[in-house]
Amino acid sequence: MLFDSYWPLGLGLILIAGFGSWVFIHSNKSYLLRWAMIPLSLAVAVASARMYDAGLGYAVAAELPPKFVYLGHQVVIERMHKAGIEVWTQAARTRLYRIPYSKPMEQALDRARQQAKSGMPVVMQRRRERQEGDSAAGQRRLADSGGALYESNVVLPSELNPKT
């Protein structure tokens, strides 16, 4: 997941470092190129910082983790129809995800919201598919409708951070 968000910055810095090293090693008399290298690297640093600052606070278009603590959600409406769902989660770190809209996922998140009103943490995790006749066919139909099947459970705070 880190690769998805930080690859432009990493690639830009590697290319600038490589070009800068080549310039300093191979040009003994080209002082103009050396002087141009410093403002160029500063301009790339400022541009990359602005690019990442502009992206701060926006949801990451990615798949939800298999197990996470539910913090909140909202349905995103674009051009008068439901386009996606932004889900605020806490797994290894706190992150805002944007997933495609599906009715079963909205219902699962609404159940988690109702459970979270008690003040206790709610853990959501993917359901395991059952191998039994009608219920398995029903779950496959829900899975084919585009929604990931998640179930929510209220847990004690001590279960989230157990003492070792």
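Residue positions are given per chain, counting from 1 as you read along its sequence in written order. Where totals are concerned, whole chains, interfaces and linings use all residues; where local detail is concerned, this predicted model gives features only for residues with pLDDT of at least 70, and gives and counts side-chain atom pairs only at 80 or more. Heavy atoms throughout the structure, all of them, feed into the side-chain values; hydrogens and water do not.

**Overview of the overall build of the protein**
Heads up, the condition is: Helix and strand assignments come from DSSP, with helices taken as H or I runs of at least 4 residues and strands as E runs of at least 2, each series counted from the N terminus. Residue contacts are counted whenever heavy atoms from the two residues lie within 4.5 Å of one another. Only the protein chains shown count as cover for residues, with accessible areas throughout obtained via the Shrake-Rupley method and a probe of 1.4 Å.
Helix and strand counts for the protein come out as 5 helices and 5 strands. In the protein, the succession of helices and strands from N to C terminus is α-α-β-β-β-α-β-α-β-α. Across the protein, the fraction of contacts at a sequence separation of at least 24, relative to all contacts at a separation of at least 6, is 55%. Surface accessibility of the protein: about 11,800 Å² in total, with carbon and sulfur atoms responsible for 60%.

**What about the sheet that holds strand β4 (residues 122-126)?**
To keep it simple, the criterion reads: Strand pairing requires that DSSP identify at least two bridges connecting the strands. All axes here are fitted lines through C-alpha atoms, helices being fitted over the stretch that makes contact, and every angle between N-to-C directions spans 0 to 180 degrees.
The 5 strands lie next to each other as β3-β2-β1-β4-β5, forming an open sheet whose pairing is antiparallel. In this open sheet, the two strands that pair with only one neighbour each are β3 (94-100) and β5 (150-154). In this sheet, neighbouring strand axes are inclined to one another by 40° on average, regardless of whether the strands run parallel or antiparallel. Across 4 bridges, the pairing between strand β1 (residues 67-78) and β4 is antiparallel. Across the sheet, the residue bridging to Lys-67 is Gln-125, located in β4.

**Overview of the environment of Gly-12**
Relative to the elements of secondary structure, Gly-12 occurs in helix α1 (residues 2-26). Each C-alpha atom of the pair Gly-12 and Ser-41 lies 9.6 Å from the other, and the pair is 29 residues apart in sequence.

**Some details on the side chain of Glu-86**
This is how the line gets drawn: Any residue under 20% of the maximum accessible area for its type is buried, any over 50% is exposed, and the rest in between are partly exposed; the area is computed with a 1.4 Å probe on protein chains only. In this charge count, Lys and Arg are treated as positive and Asp and Glu as negative; neither His nor the chain ends contribute. Each reported salt bridge corresponds to a side-chain nitrogen of Lys or Arg within 4 Å of a carboxyl oxygen of Asp or Glu.
Tracing the sequence through the fold places Glu-86 in strand β2 (residues 81-90). No salt bridge is formed by the buried Glu-86. Its closest oppositely charged neighbour is Arg-98, at 4.6 Å. Beyond its immediate chain neighbours, meaning those up to four positions away, Glu-86 contacts Ala-59, Gly-72, His-73, Gln-74, Val-76, Leu-96, Tyr-97 and Arg-98.

**As for the pattern of salt bridges**
Evaluation of the coordinates by the stated rule reveals 3 salt bridges. Measuring nitrogen to oxygen at the nearest pair gives 2.4 Å for the salt bridge that ties Glu-63 to Arg-126. Taken together, the positions of Glu-63 in the loop between α2 (31-55) and β1 and Arg-126 in strand β4 put the pair 63 residues apart, joining distant regions of the chain. In this structure, Lys-82 engages Glu-106 in a salt bridge whose closest nitrogen and oxygen atoms are separated by 3.7 Å. Placement of the pair is Lys-82 in strand β2 and Glu-106 in helix α3 (residues 103-116), with a sequence separation of 24 residues. We classify Lys-82 as partly exposed; its relative accessible area is 38%. A relative accessible area of 10% means that Glu-106 is categorised as buried.

**Here's the deal with α3**
Put simply, the rule is: A helix is expected to span 1.5 Å for every residue after the first.
For α3, with 14 residues, the first-to-last C-alpha span of 20 Å sits near the 20 Å given by 1.5 Å per residue. Residues of α3 that are buried: Pro-104, Met-105, Glu-106, Ala-108, Leu-109 and Ala-112.

**A few points about the pairing of β4**
Bridge analysis of β4 against β5 gives 5 bridges, and the strand direction is antiparallel. Residue pairing across strands places Val-122 opposite Val-154, the latter belonging to β5.

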